[in-house]
Amino acid sequence: MPAIRLGQPVFFMNIPFEIEERQILREMRIPKKSSLAELGEPAMERAIRTAIEEGYRMVEGKGVYRTLSITGTEHQLVRTKETETLFVGEKMVKLLKNCDYATLIVATIGPQIENEVDRLTGPEPAHAYFLERVGAWMADYMGIWVDKMLEREIIRAGYSRTYRFGVGYGDWPLSSQTEVMKLTRADQIGISLNEAFIMLPRLSVSAVIGWQRGGARQNTQEAETEN
Amino acid sequence: MIPILERLQREILLLDGSMGALLQGRGLPPGYAPDLWNLERPDDIAAVHAEYAQAGSNILLTNTFGASRLRLQEYQAESRIREINEAGVLLARRASKGKAYIAGDIGPSGSTIAPFGEITFEEAVSIFREQASLLKEAGADLIAIETMFDIQEMRAALIGVREGAPGLPVMALMTFNADGITDSGSDPETVASVLEGFGVEIMGLNCSVGPEAMLPVLKRLGQVTHTFLAIEPNAGLPLHKDGKTVYPSSAEEMVEFAPGFVEAGANIIGGCCGTTPAYIKLLSKRLKDSVPLARSRSRLTKISSRTRVLPIGEGVPFVIIGEKINPTGKKAFSEAIALGKTDLIVAEARKETLAGAHALDVNVGVPLVDEARMMEKAVIAIQNVVNVPLVIDSSFASALESGLRLFPGRALVNSVNAEEERIEEVLPLIKRYGAAVIALLSGEDIPEKASDRIKNAEKIYRAAERFGLRHEDIVFDTLALTVSAVQEAARQTLETIRILKSEWKAPTVIGLSNVSFGLPSRKTVHDTFLGMAIGAGLDGAICDPYDILLHQTISAASLFSGRDPECRVYIKNAEKWAQTATAGTSQTAGSASPSEPALPLTTQEKIERAIVEGEREAIGPLVLQSLEEGTPPFSIFVDQMTPAIRKLGDLFGQRLKFIPHLIAGADTMKKGVEILQPYLEAKGPTQPKGTIVFATVKGDIHDIGKNICILMLRNFGYRVIDLGRNVPLETILEAAEKEKAQIVALSALMTTTMIQMKIAIDAIRSRNLPYKVLVGGAVVTPKFSAEIGADGYGKDVGEVVPLTERILEELGKCQEKPA
């Protein structure tokens, strides 16, 4: 059995990516369309396509995960070898109670898109919106990408994974971001926090996934923290 | 002992099984490094080896899977790396009693490798080189690289092993997932092409999810390579029962897959996690009379990206290598490269790939630019966004090397020629990085005659053999010379292709564009030449992938050159060209929109359509046209644009248009209003419909939704003071007072920041301030809005204008009432 990567964060730089039209349309809440061609609206198609192509030039996908060894669970607290203060709240206990490990995930697309969105907001608001939606999906994409890499490791080790649970979600306080960033050394992928514990760049995601002993895999679609 | 590669020609050899599971049975604690037991519990290690040797293993893997410097660091044991690896070999050797080959076992580094990961490629190479060197010094017969999840790490390991243990055969095993691809997305065909490039003696797969899922992967490897194949399945995925790790498949179940492995081409069979000496014993019995399957050698040159393989040669599709990533003659491109920017390179890579290029030539040569550094950046940026193989193109060996190092596949290098100096600097790089190379048939000069070009080809082949390269590693460029300058030389190019193809079976490409230089209608010239060259046997071209005629020529010529069985590709392409032609015809007929009616539209109707369809570029000329037609500016705003944006709002309400349409329409209207503005101002100041102070609350830095709402409100004639994001309460209240606002609108996107809305409302109420408060944002709900006492809640941008209108109307009614 390949060793479980414990002790250190595992970094991914230069994550390859594809910007799927279907996902961008979904992100823009345009229903029942899976490609821009299906829109049948040349101006809209052109505008979204331009944003997608700009996305290809601006996205810099990076991610990190760090697996922590769970040592015990008690009322509203899950202890690990590495931290006894991070995993708090009823929902967290419910998530991790049958788990041997918990992995923190952080991913980002870098600052370029949001800088461009900020620049365009005044002069070209529609373009800013389209580009922002591309960025929002791609931040999710990077989180999902790191999640998939981890999922394979979890499966090979004979575990099943829980859903992704976002920092600040439910009763897990957003202030936990500070410890998440520290444990994952997320500064190495260019992420910092502002005074309200929001990740900068904004187009970043953070979450935890548990390694369950046996049992059916829980739904993976649960939200993660997206700034 | 007979050399292992000799035995593999006629015998199926058996590897051993799991080491870890047996050591756990002997008391190895979970999480403890098994490699340390080479020193701490040598008798246990030797005993496990002996069990496998007695069971019938012909090859024993040393207990050094995690004995690289990086992995040993995790246990603070890196200073003992030599002892651990030496002991690993000696213990296996002792237990084998001279009857088994000893494979020095190397596992993954435990880290991720650049450009994908955090440690540099050369750092990774040095880690593997060190371990391989120690294993060789200790007397290993071969090196086994196992359980690699990423082809880039395997590349680093292979370079390290070749440099650290020269002369030893290498067995390179990747781990594939249940879907038949590796963690980093490589399929078996891609893996085979990369490993063949490095000339590994044995390739295959280990670990993974069990024998059933691994068999199809082995079959696919067997179909694309003649290299010896090895497979080490695990006994299914582990289970965790009562604090112990157990594996579901029994030795009896596992051994049932062995005949299938042999049929798929396996030359070496063993086991991975959860397998035991009992399994090896059964395997030995079952495969007693089995002989390895003979597999034929392919003459195709295969290059690949991380995820896709591209064969070049006879009988496979003609290869289009995009030529556009090249700064020659492109000012903007050169300037971007000089600044170290990759955005134009990425844009071109995307465009070329979408246009049908199968591989991309990457040339970033700009005077005074650090080409090696720029090549690195370009290769990283391109491989992030497209999945075609790259052709690394430079006259500098340093730039070639930085590209080869970071490209996580098998690259083609452009190029070597018959000059000694170039051969000496380029071919060692091809060998080290397992690449393929384009060989230009020029030397000190460019020979005119085919026979002289062939002499250069012979020279390059001889040199390639000297560096340990195979003929399949070389793709010849027969030199497409400019026909207007040297007509006979251009004809000799075709003759050279014929000779190389008929007598040498060698793959060929040409750089196409030069051939037509200096002539009118260049496309006709080089596309015709291309057709003739394909007829002569040409396999690929570095060319302009945006040239539709070129694609048509290639498709048609492929029909006559055995590259398109049953004409399927041609027919499919022809349908595509027909669609493009139809679209082109309708565009030239002036149809800007599929919904355009047959009758000509009035300017007002065109303005409406521009706003409803979000045709931002169209609105300016239309507003000017309307003004020219004598429509008063205010009427254009009130009677033409405002109804259009209201119509869009109605369509939104009916779910026929969506938020992006609203935003595009509002942006279009904004652009139209900007044009009208000077005309409206000339008529005197206009009275705004109301004043709104808008802010994203303190702590929150999201403002795209707020900005779009402001855009909508301004289009409807409201005066909006945009305070931006992360705005403190006092700033909001000061602005509202100063601007005499009727409404304070607050936006928040985080559950943690929406509480600021309550604080703001409480402050407004407690100070008896006259402002109505609107709230909105992704996390805000009607319930929350009601709980905090907001005057209005907007679900999305579609609601902001009606909501504002309603509140101001109510406010107006209140103010009309007598006190």
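The model shown is predicted, which means the values in this text are computed figures rather than measured ones.

Rules used in this analysis
Residues numbered from 1 in each chain as written. Chains lettered and ligands numbered in written order. Predicted model: local features only at pLDDT ≥ 70, side-chain atom pairs only at ≥ 80, totals over all residues. Helix = DSSP H or I, 4+ residues; strand = E, 2+ residues; numbered from the N terminus. Rg over C-alpha atoms; globule rule 2.2 N^0.38 Å. Buried ≥ 20, exposed ≤ 12 C-beta atoms within 10 Å, placed from the backbone. Contact = placed C-beta atoms within 7 Å. Pairing = 2+ DSSP bridges. Axes fitted to C-alpha atoms, helices over the stretch in contact; angles between N-to-C directions. pLDDT = per-residue confidence, 0-100. Parallel < 35°, antiparallel > 145°, perpendicular 65-115°, else oblique. Nonpolar A, V, L, I, M, F, W, Y, C, P; charged D, E, K, R; others polar. Left-handed = near helix turned anticlockwise from the far one by under 90°. Right-handed = clockwise from strand over helix to strand, strands pointing away. Core = buried A, V, L, I, M, F, W, Y, C linked by C-beta atoms within 7 Å. Expected span 1.5 Å × (residues − 1).

## A word on the overall build of chain B
Item 1. Along its length, chain B carries 32 helices and 25 strands.
Item 2. Relative to the globule expectation of 28 Å for 819 residues, the C-alpha radius of gyration of chain B, 35 Å, shows a markedly less compact shape.
Item 3. For chain B, the spread of C-alpha atoms along the three principal axes comes to 110 × 80 × 50 Å.
Item 4. Per-residue burial for chain B yields a buried fraction of 54% across its 819 residues.
Item 5. Relative to all contacts within chain B whose residues are 6 or more apart in sequence, the contacts with residues 24 or more apart total 75%.

## So, the overall build of chain A
Item 1. Helix and strand counts for chain A come out as six helices and 11 strands.
Item 2. Compactness check: chain A gives a C-alpha radius of gyration of 18 Å against a globular reference of 17 Å for 227 residues, within 12% of the reference.
Item 3. Summarising its shape, the C-alpha atoms of chain A cover approximately 55 × 35 × 30 Å along the three principal directions.
Item 4. Across the 227 residues that make up chain A, the buried fraction comes to 53%.
Item 5. A fraction of 74% describes how many contacts in chain A between residues 6 or more apart in sequence connect residues 24 or more apart.

## A word on the sheet that holds strand E21 (residues 691–696) of chain B
Residue and element names in this part refer to chain B.
Item 1. The parallel open sheet is built from five strands, whose spatial order is E22-E21-E23-E24-E25. With one partner strand each, in any of the chains shown, strand E22 (719–722) and strand E25 (792–794) form the two edges of the open sheet. Taking each pair of neighbouring strands and ignoring which way they run, the sheet shows an average axis angle of 25°.
Item 2. Taken together, the four bridges between E21 and E22 define a ladder with parallel strand orientation. Within E22, the residue paired with Val693 across the bridge is Ile721.
Item 3. Helix H30 (residues 755–766) rests against strand E23 (743–747) and strand E24 (772–776) of the sheet, and its axis sits at about 175° to E24.

## Topic: the confidence of the model for chain B
Note: predicted coordinates in regions of low pLDDT should not be interpreted at a detailed level.
Residues and elements named next belong to chain B.
Item 1. Of the residues in chain B, 97% have a pLDDT of 70 or more, and the chain-wide mean is 92.
Item 2. Of the regions scoring below 50 in pLDDT, residues 587–597 engages in six contacts with residues more than four places distant in sequence or in other chains.
Item 3. In the predicted complex, the global pTM is 0.89; the interface-specific ipTM is 0.90.

## Considering the packing of helix H17 (residues 397–406) of chain B against helix H18 (residues 420–432) of chain B
Residues and elements named next belong to chain B.
Item 1. In the contact formed by H17 and H18, the axes pass within 10 Å of each other and the chain directions differ by 5°. In terms of their interaxial angle, H17 and H18 are classed as roughly parallel. Contacts between H17 and H18 involve Ala397, Leu400, Glu401 and Leu404 from the first element and Glu425, Val426 and Leu429 from the second.
Item 2. Considering only residue class, the contact of H17 with H18 consists of five nonpolar, no polar and two charged.

## Let's talk about the packing of helix H5 (residues 125–156) of chain A against helix H28 (residues 704–715) of chain B
Item 1. In the contact formed by H5 of chain A and H28 of chain B, the axes pass within 10 Å of each other and the chain directions differ by 155°. Classed by the angle they form, the pair H5 of chain A and H28 of chain B counts as roughly antiparallel. Helix-helix and strand crossings are classified by hand; for H5 of chain A and H28 of chain B the assignment is left-handed. Note on element contacts: H28 of chain B touches H5 of chain A through Ile704, Asn707, Ile708 and Leu711 of chain B, opposite Pro125, Ala128, Tyr129 and Glu132 of chain A.
Item 2. By residue class, the composition of the contact of H5 of chain A with H28 of chain B is six nonpolar, one polar and one charged.

## Re the sheet that holds strand E16 (residues 412–416) of chain B
Residue and element names in this part refer to chain B.
Item 1. One closed barrel accounts for eight strands, arranged E13-E14-E15-E16-E17-E18-E19-E20; its pairing is parallel. Between one strand axis and the next, the sheet turns by 25° as a mean value, whatever way the strands run.
Item 2. Pairing geometry for strand E14 (residues 359–362) and strand E15 (residues 390–393), over three bridges, is parallel. Directly across from Val362, in E15, lies its bridge partner Ile392.
Item 3. The strands touched by helix H15 (residues 343–354) within the sheet are strand E13 (319–325) and E14, with E13 carrying the most contacts at an inclination of about 155°.
Item 4. The sheet strands contacting H18 are E16 and strand E17 (436–440), and the helix crosses E16 at an angle near 165°.

## Side note on the interface of chain B and chain A
Item 1. Counting residues at the interface gives 53 residues for chain B and 47 residues for chain A.
Item 2. Every element with two or more residues in the side of chain B that touches chain A is listed here: strand E8 (239–241), H15, helix H16 (371–385), helix H27 (659–682) and H28 of chain B.
Item 3. At six residues, H27 of chain B tops the list of elements feeding residues into the side of chain B that touches chain A.

## Considerations on the pairing of E16 of chain B
All names here are of chain B.
Item 1. Of all five residues that make up E16, five are buried, and the element is covered over most of its length.
Item 2. When E15 meets E16, the two strands line up parallel, connected through three bridges. Opposite Asp393, over in E16, you have Asn414 as the bridge partner.
Item 3. Handedness of the crossover joining E15 and E16 through H17 is recorded here as right-handed.
Item 4. The pairing of E16 with E17 spans four bridges and is classified as parallel. Counterpart to Val416 in the pairing with E17 is Ala439.
Item 5. The handedness of the E16 to E17 crossover, carried by H18, is right-handed.

## Some points on the pairing of strand E20 (residues 540–543) of chain B
All names here are of chain B.
Item 1. Alternating positions in E20 separate into two faces, Gly540 and Ile542 on one and Ala541 and Cys543 on the other, with burial throughout.
Item 2. Pairing geometry for E13 and E20, over four bridges, is parallel. If you follow Ile320 over to E20, its bridge partner there is Ala541.

## Digging into the nonpolar core
Soluble globular proteins: nonpolar side chains tend toward being buried together.
Item 1. With 330 residues, the main nonpolar core has Ile143, Ile145 and Ile382 of chain B as its most contacted residues.
Item 2. If you tally residues by element for this core, the top one is H5 of chain A, at 16 residues.
Item 3. In this structure Ile143 of chain B touches Ala103, Gly104, Ile106, Ala132, Leu135, Val161, Ala165, Leu168 and Val170 of chain B, once residues within four positions along its chain are discounted.

## Some details on the environment of Lys449 of chain B
Residue and element names in this part refer to chain B.
Item 1. Locating Lys449 in the fold gives a position in the loop between E17 and helix H19 (450–466).
Item 2. Judged by local crowding, Lys449 falls into the partly exposed class, with 13 C-beta atoms found within 10 Å.
Item 3. C-alpha of Lys449 to C-alpha of Leu339: the two residues are 110 residues apart in sequence and 43 Å apart in space.

## Some details on helix H20 (residues 487–504) of chain B
Residues and elements named next belong to chain B.
Item 1. The terminal C-alpha atoms of H20, which comprises 18 residues, lie 25 Å apart, in line with the 26 Å expected from a rise of 1.5 Å per residue.
Item 2. When we look at burial in H20, the residues that qualify are Ala490, Gln492, Thr493, Thr496, Ile497, Leu500 and Lys501.
Item 3. Buried residues along H20 sit in contact with H19, strand E18 (474–477), strand E19 (508–511) and helix H21 (522–536).
Item 4. At the C-terminal side of H20, Lys505 shows a positive phi close to 55°.

## Focus on unusual backbone geometry
Among all residues save glycine, negative phi is the norm, and among peptide bonds the norm is trans.
Item 1. For the peptide bond that leads from Leu200 of chain A to Pro201 of chain A, omega is 0°, which places it in the cis range.
Item 2. Residue position: Pro201 of chain A is located in the loop between strand E9 (199–200) and strand E10 (204–213).
Item 3. Unusually for a residue other than glycine, Ser521 of chain B sits at a positive phi of about 45°.
Item 4. For Ser521 of chain B, the location among the structural elements is in the loop between E19 and H21.
Item 5. Classification of Ser521 of chain B by C-beta neighbours within 10 Å gives exposed; the count is 9.

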